[in-house]
Amino acid sequence: MGARRVAAAVAAAACVLAGSLTATSGASAAGPSFTVRPSVNQLYVLDAAPGEQLALVQGDDVVASGTVDELGSLAWRQLDAGSYEVRGEGGTSTPVTVTDFGGPPPPSSFYSGQALGDGFGYITTRDGTTLSANVSLPKGRSGPFPTVVEYSGYDPSNPANTTFAQLFNALGFAYVGVNVRGTGCSGGAFMTFEPVQSIDGYDVIETVAAQPWAAGKVGMVGISYPGIEQLYVARTQPPHLAAITPLSVIDDTYRGTLYPGGILNTGFAVPWAKERAAQAAPYGQAWAKARAEAGDEECAENQRVRLQNVDLATMIDDNPFYSSGIGDPINPSVWAPDIDVPVFIAGAWQDEQTGGHWPALISRLTGSPHVYANLVNGSHIESLSLGIFGRYADFLDLYVAHRVPGTAKKLVAPILAQALTGVGGLQLPPGIDYTGMSYRQALAAYEAQKPVRVLFEEGAAAGQPAGSPLPRFVRTFSSWPIESVRPTALYLDGKRLGGARPAQAPSPRVRGYVADPSALPAVDFPGGNIWSADPTYDWRQIPPGKGLGWITAPLERTVVAIGTGSVDLWIRSSAPDTDLEVTLSEVRPDGTEVYVQSGWLRASHRALDRTRSTAISPVHTDLAADAAPLPAGRWTKVRVELFPFAQPFRKGSRIRLTLDAPGGARPQWAFARTVSDGERVQVLADRRHPSRLVLPVVPGVQVPAAAPPCASLRSQPCRTYPG
């Protein structure tokens with residue numbers, strides 16, 4: 001649905017749009033009184049009698065039915081494109097046309113005909129739904145302005161939410177915050193990341209770009225939810241989208257955050273979904289109720305379809321396996337190649353919210369002309385840290401504003417860092433000096449940098465307070481995964497990890513534990529501000545008999561690992577299924593143990609996608625058809641993916657791997673619904689059954705000789721190794 005298709009589709013779009021908008025007036029004079037509003041693979045009924053039974057008719061067939069809610073609304077989703085009628089007690093509506101996700105957009109006049117001014121207003125989408133928007137223009141300057149859009153189900157259009165408006169105004173950009181349908185003062189019904197939100201986003205971009213105060217194409221900004229939404233909008237290829245900057249995002253809704261390894265994430269993902277549902281209820285956001293009570297009739301009108309929101313909790317519970325029909329439309333890794341604009345993406349390995357699996361998205365962005373990736377240890381807000389912000393601001397200047405990067409970032413970045421982490425007195429680290437350059441020269445200098453930056457040991461920068469949002473050192477690479485990576489196996493042998501397969505022993509080398517999710521606290525962060533410079537963790541050792549550990553001898557040379565890892569285990573269990581959690585750590589010569597990364601797998605989800613899996617990246621199908629219990633009494637190979645990470649294991653340190661039931665290794669990710677329940681799990685490691693840890697070793701990476709103070713590393717808690 002990109003620019004290359006717009007010109008050819010204008011005439012057809014005008015026809016489709018005209019038919020759709022006419023249909024919103026509802027039934028004929030002699031027919032029922034309700035209003036029918038067709039949409040993109042959806043259809044809404046408004047103004048109907050509460051409790052009335054309605055049928056959706058296509059041709060001679062009733063394809064769906066439903067009961068009108070107490071607000072007089074009913075919605076049908078996942079409809080095929082085509083002509084439909086709605087039949088009720090008072091008769092049948094006139095035919096309406098439901099369009100398809102891949103259908104043509106409206107003509108350009110649809111967008112240029114809408115007027116947005118500085119302050120609060122509404123954007124009309126192609127199906128007639130209005131989305132609340134708040135425009136903030138740089139004060140004391142004359143336009144037109146380079147413009148950025150933040151789009152999500154939080155409250156970006158709330159006029160009182162000025163944080164990002166002030167930030168981007170200070171950088172010289174007009175800022176537009178827009179609430180997705182079914183949230184805030186926006187109309188329509190809500191489901192997280194549903195395809196119609198992407199189409200709405202297309203309409204938002206084109207409407208904003210058509211405003212006289214907007215200078216050409218616009219960019220998208222935002223961290224977490226609004227960062228993720230950028231991916232969904234960019235896949236629709238709006239002609240006037242210049243670039244996107246997704247920060248702290250996901251690559252795969254199911255595997256990356258909601259069901260990692262097939263195990264439901266009840267610590268963050270489920271509560272987040274429930275919170276989104278609560279905020280999408282009628283007046284679920286207090287600011288929207290205040291606007292309606294103050295006389296905003298559009299905001300009040302737009303609450304009427306909210307009882308047709310999808311029940312997210314039930315949807316999650318009903319889909320414990322991956323389903324392409326449900327999963328693919330909300331899985332960015334599936335359609336990432338459709339994104340055809342420059343991308344600046346950043347995030348943290350140990351992100352306590354969206355998780356650290358997002359780097360798998362980088363290699364899927366094959367349609368983008370430029371992809372700049374920034375990967376760092378740390379928390380959810382690390383993508384806005386000082387080591388990244390300068391390059392981020394330069395990207396917006398170059399690819400959205402089309403100007404030589406300015407110096408305002410030097411003032412803005414330290415203020416933002418202090419607001420997020422509480423650490424003051426910091427400065428933006430040096431970057432490219434653009435003094436005296438033309439725009440072409442500045443762009444060439446930026447593009448001459450290697451596109452993948454790995455920021456190591458965030459929090460331990462020399463001369464800065466411990467825990468500051470700055471890296472100790474940075475290394476750059478040409479691609480992700482890193483081309484020079486060498487899968488390096490360390491084999492389990494008794495309690496040791498070693499570089500050679502175990503010798504064939506006279507009897508099997510078997511170790512076991514009792515899987516007990518209650519043996520440790522569900523999470524390792526008891527509370528407080530996890531984004532601060534010195535959060536307190538409660539990262540405990542696994543109690544005896546409740547898990548297993550393996551450790552190398554002191555390393556004879558420094559090993560730098562960057563990428564995903566694989567833990568390949570031969571197991572058997574006294575139960576037909578079990579949940580596995582593996583954790584990688586570094587044990588320093590002084591006995592301090594540093595957290596690196598974790599991975600999870602429900603054993604019944606062990607089936608691999610053979611076409612996508614590699615030695616360091618096991619990719620599971622997670623399909624119901626592939627699920628299988630563990631064979632009773634038989635050794636079975638399972639591969640657990642270690643989420644991506646970057647860690648220098650220095651000479652003299654030891655690499656440790658632990659295995660237990662899920663829980664206690666992450667600040668927010670808990671797995672309350674686990675199948676583990678006291679079963680005996682055994683691991684076999686011998687020459688015929690080579691259980692092993694496979695690391696993504698990258699040779700030739702130079703690192704500082706001495707390790708940084710343990711407590712300085714952001715989101716990498718430390719403890720004392722008991723052995």
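Higher on the page you've got the structure.
Residues numbered from 1 in each chain as written. Predicted model: local features only at pLDDT ≥ 70, side-chain atom pairs only at ≥ 80, totals over all residues. Heavy atoms only, no water.

K.L.:
Teacher, can you tell me more about unusual backbone geometry here?
P.N.:
Glycine aside, the phi torsion of most residues is negative, and most peptide linkages are trans. Across the junction of G143 and P144, the peptide omega takes the value 0°, indicating a cis bond. For P144, the location among the structural elements is in the loop between β10 (130-136) and β11 (147-152). Positive phi, normally seen in glycine, also occurs at F193, with a value near 60°. Assignment of secondary structure puts F193 in the loop between β12 (174-179) and α4 (195-209). Judged by relative accessible area, which is 5%, F193 ranks as buried. Phi is positive for Q237, close to 55°, though the residue is something other than glycine. With respect to the helices and strands, Q237 occurs in the loop between α5 (225-234) and β14 (241-244). (Helix = DSSP H or I, 4+ residues; strand = E, 2+ residues; numbered from the N terminus. Buried < 20%, exposed > 50% of the residue type's maximum accessible area, 1.4 Å probe, protein only.)

K.L.:
Could you clarify how one ought to interpret the layout of surface pockets in this entry?
P.N.:
A water-sized probe rolled over the atoms picks out the places where empty space is left. If you add up the space inside the largest pocket, you get close to 920 Å³. Broken down by secondary-structure element, the contributors of at least two residues to the lining of the largest pocket are α12 (332-335), β23 (559-573) and β26 (636-649). Residue classes in the lining of the largest pocket are distributed as 21 nonpolar, eleven polar and nine charged. (1 Å grid on protein atoms, 1.4 Å probe; cavity = no way out; pocket = protein on both sides within 12 Å on 5 of 7 lines; lining within 4 Å. Points joined across faces, edges and corners; volume = space filled by probe spheres on them. Nonpolar A, V, L, I, M, F, W, Y, C, P; charged D, E, K, R; others polar.)

K.L.:
Sorry if this is basic, but what is going on with the sheet that holds strand β2 (residues 43-46) here?
P.N.:
In a beta sheet, neighbouring strands pair by backbone hydrogen bonds and run either parallel or antiparallel. Spatial ordering of the open sheet is given by β1-β2-β5, a layout of three strands whose pairing is antiparallel. Edge positions in the open sheet fall to β1 (35-38) and β5 (74-76), since each of these has one partner strand only. With direction set aside, neighbouring strand axes in the sheet form an average angle of 15°. In this sheet, β5 lies alongside β2 in antiparallel orientation, the contact comprising three bridges. The residue bridging L43 from the neighbouring strand is W76, located in β5. (Pairing = 2+ DSSP bridges. Axes fitted to C-alpha atoms, helices over the stretch in contact; angles between N-to-C directions.)

K.L.:
Just to check I follow, could you spell out helix α8 (residues 286-293) for this structure?
P.N.:
Since there are 3.6 residues in each turn of an α-helix, residues three or four apart along the chain are aligned in direction. What α8 keeps buried is the set W287, A288 and A292. Viewed along the axis of α8, the buried residues span an arc of 140°, placing them on a single side of the element. For α8, the exposed residues set more than 90 degrees away from the buried face come down to A286 and E293. (Arc of directions from axis to C-beta.)

K.L.:
Which parts of the structure should I look at to understand the pattern of salt bridges?
P.N.:
Pairing between side chains becomes possible if they bear opposite charge and their charged atoms approach one another. Enumeration over the complete set of coordinates arrives at 25 salt bridges. Residues R304 and D47 are paired through a salt bridge, measuring 2.5 Å at the closest nitrogen-oxygen approach. Taken as a pair, R304 in the loop between α9 (297-301) and α10 (312-317) and D47 in the loop between β2 and β3 (53-58) lie far apart in primary sequence, 257 residues in all. We classify R304 as buried; its relative accessible area is 18%. One salt bridge connects D200 with R181, and the closest N-O pair in it is separated by 2.6 Å. Here R181 lies in the loop between β12 and α4 and D200 lies in helix α4, a separation of 19 residues in the sequence. On the basis of relative accessibility, which here comes to 2%, the residue D200 falls in the buried class. The class for R181 is buried, based on a relative accessible area of 0%. It is possible to trace a salt-bridge network through shared partners that takes in D47, E301 and R304. (Salt bridge = Lys/Arg side-chain N within 4 Å of Asp/Glu carboxyl O.)

K.L.:
Just checking my understanding: could you explain empty space enclosed by the protein for this structure?
P.N.:
In total, this model carries seven cavities of 30 Å³ or more according to the counting rule given. The computed volume of the largest cavity comes to approximately 510 Å³. Taken together, 30 residues form the lining of the largest cavity, with T192, T253, L258, I316 and I330 sitting closest to its centre. Of all elements in the fold, only α5, α6 (253-258), α7 (269-279), α10 and α11 (324-327) reach the threshold of two or more residues within the lining of the largest cavity. The dominant element in the lining of the largest cavity, judged by the number of residues it contributes, is α6, at four residues. Residues belonging to the lining of the largest cavity are distributed by class as follows: 20 nonpolar, nine polar and one charged.

K.L.:
Sorry if this is basic, but what is going on with the state of the cysteines here?
P.N.:
Throughout this description, disulfide means a covalent bond between two cysteine sulfur atoms. As enumerated under the stated definition, the model contains two disulfides in all. The partner cysteine of C185 in its disulfide is C299, sulfur to sulfur 2.1 Å. Handedness here is read from the sign of the S-S torsion; for C185 and C299, about -75°, the answer is left-handed. Of this pair, C185 sits in the loop between β12 and α4 while C299 sits in helix α9, and the two are 114 residues apart along the sequence. Note on C185: relative accessible area 0%, which makes it buried. Judged by relative accessible area, which is 0%, C299 ranks as buried. The side chain of C710 participates in a disulfide bridge whose partner is C718; the two sulfur atoms lie 1.3 Å from each other. Disulfides within the protein link the bonded cysteines, taken in sequence order, as 1-2, 3-4. (Disulfide = S-S within 2.5 Å.)

K.L.:
Explain the pairing of β11 here, please?
P.N.:
Remark: a regular strand shows side chains that alternate across the two faces of the sheet. The buried fraction of β11 is high, at six of six residues. What you see with β11 is no split at all: T147, V149 and Y151 on one side and V148, E150 and S152 on the other are buried throughout. In terms of strand pairing, β11 meets β12 through six bridges, oriented parallel. Bridge pairing links S152 to N179 in β12. Note on the crossover from β11 through helix α3 (residues 163-170) to β12: the handedness is right-handed. Alignment of β11 against strand β13 (residues 218-220), held across two bridges, turns out to be parallel. (Right-handed = clockwise from strand over helix to strand, strands pointing away.)

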